[in-house]
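As a plain string of letters, each chain reads:
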Amino acid sequence: MIGAKRQGHVGWLPVAIVISAFIHVKAFLVLPRTLCQFAGTAAWLLPLIAAFVNVLVLLALASLLRDYSRRSLPDIAGSLGGKPAQFLFGFFYSGYFLIFYALQLRIFGEFVLSTFLPETPLGVVLISMVLLNLYLCYEGLENVSRTMMILFPFLLVIYLFALTSAAAIGTFDHLSPWLGYGLMHTLGAGLAVTSLYNQLFLYGFIAPLFRGQRQLHRSMMVALGFAAAVMIFSQIVFQMSFTIRAAQQMGFPLYQIARLVQFGTFFQRIDPLFIFIWLIIITIGLAMGIYTSALVLAQGIKAPDFRPYLFPLAVIALCIAYVPQRTVDATAINDRLAVWLQVPFYGALIALFIWNRLLHRLPGRKKAAPLRLSDNGSGTAFSGQKKIKLRNRRSH
Amino acid sequence: MMKSTGPRRRRFFLLSLGCLAFLLTGCWDRHELEQLAFVVTMVVDRSVGNQIDLSMRIAVPSGLQASGDRGTSKQGIAQTSQMITVTARSLPEAIALAEATVERALDFRHLRVVAFGEPLAREGLLPYLDTLERYRQFRRTIYIWVAKEGSGRRLFLENAPVLEKNSSAFIDDLARTATRIGYSRMPTLHEFLNETDHPHCDSVIALIGIAPLVESERKNQGQPVPTEKYHQQLPPHPEPGGTTLAPLARSGGNPVEFLGVGLFQKGKMIDQWSGQETRLYNLLKDTYRIGLWNFDSPTAPGPISLQIRRVRPIKIGLTGSEKFPHMDIALSLEGEFVSLQSLEQYVSTERISAVESFVTAVLQEELLALIHKAQKAKADPFDLVRYLQRRMLTMQEFDALPWRERFAQATVTVSVDFKIRRTGLRIQPRLQK
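Residues numbered from 1 in each chain as written. Chains lettered and ligands numbered in written order. Predicted model: local features only at pLDDT ≥ 70, side-chain atom pairs only at ≥ 80, totals over all residues.

### Some thoughts on the overall build of chain A
- Counting secondary structure elements, chain A contains 18 helices and two strands.
- Classification of the 396 residues of chain A by burial places 55% in the buried group.
- Restricting to contacts in chain A with at least 6 residues of sequence separation, those with at least 24 account for 82%. (Helix = DSSP H or I, 4+ residues; strand = E, 2+ residues; numbered from the N terminus. Buried ≥ 20, exposed ≤ 12 C-beta atoms within 10 Å, placed from the backbone. Contact = placed C-beta atoms within 7 Å.)

### Quick word on the domain arrangement of chain B
Residue and element names in this part refer to chain B.
- The domain architecture assigned to chain B consists of domain 1 (35-273) and domain 2 (279-433).
- Here the C-alpha centre of domain 2 lies 30 Å away from the C-alpha centre of domain 1.
- Every contact between the two is made by 18 residues of domain 1 and, on the other side, 18 residues of domain 2. (Domains from an automatic or database assignment.)

### Points about the sheet that holds strand S13 (residues 325-340) of chain B
Residue and element names in this part refer to chain B.
- The strand order across the open sheet built from four strands is S11-S12-S13-S14, with neighbouring strands paired in mixed fashion. The sheet is open, and its two edges are formed by strand S11 (290-296) and strand S14 (411-422), each paired on a single side. Strand-to-strand twist of the sheet, defined as the mean angle between neighbouring strand axes without regard to direction, takes the value 40°.
- For strand S12 (residues 303-320) and S13, the ladder comprises 14 bridges, and the chain directions are antiparallel. Residue pairing in the sheet places glutamine 307 in a bridge with glutamate 336 of S13.
- Across the sheet, helix H13 (residues 352-376) touches S11, S12 and S14, and the angle it forms with S14 is around 145°. (Pairing = 2+ DSSP bridges. Axes fitted to C-alpha atoms, helices over the stretch in contact; angles between N-to-C directions.)

### Observations concerning unusual backbone geometry
- Here the bond from serine 176 of chain A into proline 177 of chain A is cis, since omega is -5°, no more than 30 degrees from zero.
- In this structure, proline 177 of chain A sits in the loop between helix H7 (141-169) and helix H8 (183-192).
- The backbone of leucine 343 of chain B sits at a positive phi, close to 60°, despite the residue not being glycine.
- With respect to the helices and strands, the residue leucine 343 of chain B is situated in the loop between S13 and H13.
- The exposure class assigned to leucine 343 of chain B is partly exposed, which follows from the 14 C-beta atoms found within 10 Å.
- For lysine 378 of chain B, which is not a glycine, the phi torsion comes out positive at approximately 50°.
- With respect to the secondary-structure elements, lysine 378 of chain B resides in the loop between H13 and helix H14 (386-389).
- What makes lysine 378 of chain B partly exposed here is the crowd of 15 C-beta atoms within 10 Å.

### Structural notes on the interface of chain B and chain A
- Facing 31 residues of chain B, the contacting portion of chain A comprises 35 residues.
- Listing elements by their share of the side of chain B that touches chain A, those giving two or more residues are helix H1 (6-22), helix H9 (189-197), H14 and helix H15 (395-399) of chain B.
- Among the residues forming the side of chain B that touches chain A, the class breakdown is 12 nonpolar, nine polar and 10 charged. (Nonpolar A, V, L, I, M, F, W, Y, C, P; charged D, E, K, R; others polar.)

### Some remarks on the environment of aspartate 107 of chain B
Residue and element names in this part refer to chain B.
- Here aspartate 107 shows up in strand S4 (residues 105-107).
- The exposure class of aspartate 107 is partly exposed, given the 17 C-beta atoms found within 10 Å.
- Spatially, the C-alpha atoms of aspartate 107 and arginine 312 are 42 Å apart, while their sequence positions differ by 205 residues.
- Dropping the residues within four chain positions of it, aspartate 107 is found in contact with Leu36, Ala37, Phe38, Val39 and Gln137.

### So, the confidence of the model for chain A
- The predicted model of chain A has a mean per-residue pLDDT of 85, with 88% of residues at 70 or higher.
- Considering only residues more than four positions removed or in separate chains, one finds that residues 362-396 of chain A, a stretch of pLDDT under 50, has 46 contacts. (pLDDT = per-residue confidence, 0-100.)

### Remarks on the confidence of the model for chain B
- Within chain B, residue pLDDT values average 87, and 94% of them lie at 70 or more.
- Of the two predicted TM-score estimates for the complex, the pTM is 0.87 and the ipTM is 0.87.

### A few points about the pairing of S12 of chain B
Residues and elements named next belong to chain B.
- Sheet analysis places S11 next to S12, joined by seven bridges and oriented antiparallel. What sits directly across from tryptophan 293, in S12, is leucine 306.
- What sits between S11 and S12 in their antiparallel hairpin is a turn of six residues, with glycine 302 showing a positive phi close to 105°.
- If you look at the hairpin formed by S12 and S13, you'll find four residues sitting between the two strands.

### Some points on the pairing of strand S6 (residues 143-147) of chain B
Residues and elements named next belong to chain B.
- Among the five residues in S6, five count as buried, and that is most of the element.
- What you see with S6 is no split at all: Tyr143, Trp145 and Ala147 on one side and Ile144 and Val146 on the other are buried throughout.
- For strand S5 (residues 113-116) and S6, the ladder comprises four bridges, and the chain directions are parallel. When the bridges of S6 are listed, alanine 115 appears paired with tryptophan 145.

Take a look at the structure:
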C-alpha cells in the first residue's frame, strides 16, 4: 500500500502546518466574504463554532484510526464492508477533493487575472499552477511538509505583520452587533460551515505515515487549533477593516486588507510582500488538494502508488475548472457544494465509526488485527494491535 | 526513507522546470517603467451635456530631476507633471480616451488623490466611487477632496505648493498637516466608503478652496501685493480665520487652501463646515489629536492661545427613552499656554482655573452648537451611533433603528474636562506698565 515505505515517515508538526495551509487556501480566496454573507457581523464566530464541531469529528476519526492501527480510511472501509465499500469510499473522497481543488484553482486563476496579471490568458495561470502543484506533491507528503517547514517562520511573521498592521486601521465597532443575524442563526451557520476544516480528513488517509497514535492525535489537534486561530484572526481583522455591508461585497478580502496598509514614505506598502506569502501558501495548499485526491483514489482502488494518478487527475481538474463560465459561478458552486456535500462527507465517516462501534465490534477487530502489520510496515503498528487486544479482553 | 527513483525523477524535474519556464506569465503582463504614465492626481467635474470632465496630472519624472531647486513651485508642478482633461460619459471612458492621447499606458497605482467639483458632489459621488472601488488600479488608500465651490479643475490649475514640486509629496504632506492641526479631515477612499456604507452614519470630505487675492497675485507674476493694497482688499471687519467658510485673509503662498469639510449623506454633499467646525467635529469623532487654539481673554482684551491635546478617548453615555434619547458626551483634554497676548497674570494656581473654566465653557458651547447643526441636518457624521451599536445584539435590531430621527430629537449635554497642564517656557507674562 501507499505507506511510509514509499513516502517516508512524517513529523507531527510539519504535517499539522502543511494541513493548516491546505485549510487556509479558501481563506485567501473568498471565504471571509462568504462567512460575512452567512452570519453578518458574527461571521468571525463561525470558524470557532466549526472548530468545536470538528474536535468531535477528529476524536471520532482518531478513535477509528486507533482501532485499526492507523490504517487509511478506505482500508478500514474495505475491512468493514468489503472491496465495493473501499472503492466507493475512495472514489467519493477523491472526487470531493478533486472538485474543490478544481474550483479553488479556477477562483485563484480569476483572482490573478482580476488583480495583477490582467492580460495573461487564464489557461496559462491554471496550467502553471497545476504543474507547480504536481511538482510539489510528486514526492509525497514528507517533501511538501519539509518545504513548508522551511518557509513557515517567514510566512507566519509576514502574514501576522500584514494582518496586525491592517487591524491597526480598523475598529472593533465593526464587529458589533455581536450576534449578527441572531444567536440561533449564527449557530446554524456555524454548523453549516463545518466543512471549513474538511481538509483535516487528510489525516484519515495519511495515518499510516505517522510513527505512533500519539503523534497522529497531537498533529490533528494542533492543525485544527492553528488553522482555527489563524482563520479567526484573519476574519476579525477583515471585519474590523470594513463595515459589514462592504465586507459582504468585497472581492478577494485578504488581498484587499493587505492593500489598505500604508506606512508613508519610508516603507510604503506591504501588498507586494503579501502577494508572495499569499502565493506560496496557496500553491502549497493547492498541491495538497491534488495530492489528497490522488492518494485517496489509489487507496480506494488498492493501487500501490498514488503518483500515476496525479497527472490524469490534474487534467480532469483543469477540465472541471473550466466548467463555471464566470467567476461568480465558480464561487457560487464552491459555496453551495461546500455546504451540501458535507452531509455525505461527514456522514461516511460517522457511518464508518458507528458501524465499527456497534455492528463490527468484536469480530471486526479480531479480523482486522492481522492486516495492520503488513500495512504500513512500521513497528508502531504492533503496539496498536496489542492495545486493541487488551481492550477487547477488557470488554469480555 | 524515500524510495529512490533516480534518473526518472531528474527527467521529471527538468521537464517541469522547462514547462514552467515556457509558461512564465510575465510575458503577457510585462510593463516597463518607461512604458507607463503614472497619474498622480485626478479631478472629476460635471461637464456639459450630462458628461464629466476627467482631469489628470501625469507625473513627468525627468522634469522632477531637471527642476532641481530652480524655479517656483508652480513651475515645478508644471515641470514635474502634465495636466490633461478629457470629457466623457464615465470615468472608464475618459481613461480610455485619455490613453488615446498619451503615448504611454496610463497607470493609476500611484494615484494619491481624487478631487470632485462641488456641483458633482451635490449630485452624488457614489456612481464615480464605484469605479474607484472596483477597478484594480485604484487603491482604497487614495485621498478624496471636494471643491468648496465650482469646479475642481480650476483649483488644480491654480495649485502652486509653497515648497513641494512633486504632487505626491505635496499630498502626503497635506494629509499629515491636516491630521496635526485639525482644520480639515482628509479621509481616504476606504474611510469614506466605510462611513457611507454604514446604515446610520454620515461622512465628511476635505474641502479645498481658493483665496482670490493670492490667485490674483499669482496672475501678477506671483508678486505679493503692497501692504496698502492688501489691506484695501480685506473686508472691513473680517471674522476670525477659519470660523466661516470665507477664504482666509492672506497674501502669498499657495492660492489653494484646505480648511473645512463637506458633509455627505448617502454620497451627496448636503452641507459645508468651516475649519473651526471641523476641529470640533474631529473632537467629537475622536480623530483630533493636537492643535493651536485661540480664545478671547476672559477678563481683559486680547486673545490667549493654547495648544490643546486630546488625553483620553471621548465617552458617550446614552440614556433617556427609546424615542427621545439623551446623550452625555464627555471629552478629556489638556492644554499648554502658547501665548498670553492680553498680558493678564493668569499663570497662578488660583487664576489658571478661571481660564480653564472659561475655555471649557467656550468649547462646550461650540460643541453643542455643532451637534445642533448636525441634528438639524439629520446627519450623524460623528458616528455617535457606535455607542448604541456596541450594546446591540442583532443586525436586524440595529438596521431597524431610526437613528437619524432619534439623533435629531435627542437632548445632548457636553462636558469637557480641561486642564492647563503646562505653561510654556515662561510663567507669568510681563506686567504692562
